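As a plain string of letters, each chain reads:
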Amino acid sequence: MAAAADLARSVDAIAILSFLDSMPMETDIPVIWVKEHQPDLMIKKSMQELLLFCEHHILDAVVQYHLRTEVSQGKIIGVFPFAILIYDVGEGRDYLDLASYADIVTPDILHSALALALEIAHEGREGRNIGTAFIIGDGSSLLARSHQAILNPYAGHPLSVCDIRNRENWESVKEFAQLDGVFIITKDGYITAAGRYIDADSRGVSLPSGLGGRHMATAAITREIPAVGITVSESGGLVRVFRDGVCRLTLRSEVALTR
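These numbers come from a predicted model, not from an experiment. (Residues numbered from 1 in each chain as written. Predicted model: local features only at pLDDT ≥ 70, side-chain atom pairs only at ≥ 80, totals over all residues. Heavy atoms only, no water.)

K.L.:
Even after reading the chapter, I still don't get the overall build of the protein, so can you show me in this structure?
P.N.:
For the protein, the count of helices and strands is seven helices and 12 strands. Against the 2.2 N^0.38 benchmark of 18 Å for 259 residues, the protein shows a C-alpha radius of gyration of 19 Å, consistent with a compact globule. For the protein, the computed accessible surface area is about 12,100 Å², with 50% contributed by carbon and sulfur atoms. Between the mean site of the 23 positive side-chain charges and the mean site of the 33 negative ones, the protein shows a separation of 4 Å. (Helix = DSSP H or I, 4+ residues; strand = E, 2+ residues; numbered from the N terminus. Rg over C-alpha atoms; globule rule 2.2 N^0.38 Å. Areas by Shrake-Rupley, 256 points an atom, 1.4 Å probe, with all protein chains shown as cover. Lys, Arg positive; Asp, Glu negative; His and termini not counted. Charge placed at Lys NZ, Arg CZ, Asp CG, Glu CD.)

K.L.:
Can you walk me through the sheet that holds strand 9 (residues 227–232) in this structure?
P.N.:
Sheets are built from strands that pair by backbone hydrogen bonding, the pairs being arranged parallel or antiparallel. Taken together, seven strands build an open sheet; the order of strands is 6-8-7-5-9-10-11 and the sheet is mixed. Every interior strand has two partners, whereas the edge strands, strand 6 (146–148) and strand 11 (246–252), have only one. Strand-to-strand twist of the sheet, defined as the mean angle between neighbouring strand axes without regard to direction, takes the value 30°. Across the sheet, helix 7 (residues 213–224) lies against strand 5 (132–137), strand 7 (182–186), strand 8 (191–198), strand 9 and strand 10 (238–243), angled at about 170° from strand 9, the strand it touches most. (Pairing = 2+ DSSP bridges. Axes fitted to C-alpha atoms, helices over the stretch in contact; angles between N-to-C directions. Contact = heavy atoms within 4.5 Å.)

K.L.:
Can you help me understand the pairing of strand 5 in this one?
P.N.:
Along strand 5, six of the six residues are buried, which leaves the element largely enclosed by surrounding structure. Taking every second residue as pointing to the same face, both faces of strand 5 are buried, with Thr132, Phe134 and Ile136 on one and Ala133, Ile135 and Gly137 on the other. Sheet topology places strand 5 next to strand 9; six bridges connect them, and they run antiparallel. Among the inter-strand pairings, Ile136 is bridged to a residue of strand 9, identified as Val228. When strand 5 meets strand 7, the two strands line up parallel, connected through four bridges. Along strand 7, the bridge assignment pairs Ile136 with Ile185. (Buried < 20%, exposed > 50% of the residue type's maximum accessible area, 1.4 Å probe, protein only.)

K.L.:
Help me understand the environment of Ile191, please; the structure alone is not making it clear to me.
P.N.:
Summarising the element assignment, Ile191 is placed in strand 8. Owing to a relative accessible area of 3%, Ile191 belongs among the buried residues under this scheme. C-alpha of Ile191 to C-alpha of Asp163: the two residues are 28 residues apart in sequence and 6.4 Å apart in space. Beyond its immediate stretch of four places on either side in the chain, Ile191 contacts Tyr154, Cys162, Val173, Phe183, Ile184 and Ile185.

Right, here's the structure in full:
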């Protein structure tokens, strides 16, 4: 960690992401610890496998750092038991490429939905993992292709408490994420319904084995109309982004950040 701090100062890094066990650290550069991870399991691997391991996990951590802080540029130092890496936040931002969905939803709304999905994925609720999905698009089109499984908890509420960009609303979203069904979010970033079942033809949708009905329904609705779907897997904690019936992005929530 001392060597990483020296390197961070020499390259004007904005943060240090540590995959080591948390320890007291005196440095003027912010240190973020990656929790619930065991990189020591990779020690016996080849050098090429170690480098790929580091690259994949530092990318996931940098993406989460970008989503959490909204910082879009600058160098980050990644510290592993067997390596110290320099990584550019811009690479994580480009990996997300939120602008490629801008014809459906603006980057700020998609950014908020992804950040919330990652929190749900690695926090769960009441000590257990939960799965859910957010479908973002034209509100009336989405409602016309879905039906309510339970009473809609968002019916009749002012827009201020339905805005996904407002973090003060996230606790209620996390609570409703335990319900069956999905969340419907308009292009303007307002949640209009929770506990919704998607009515879309999933015939012909091709997904990796092991993905359940929620993923299939999300893929199907994004193939049928212009919409972006974000799923949180109950098993595995993976967050996936769907468009045009295809999974475009997968993020691992086990690479979780803590100060």
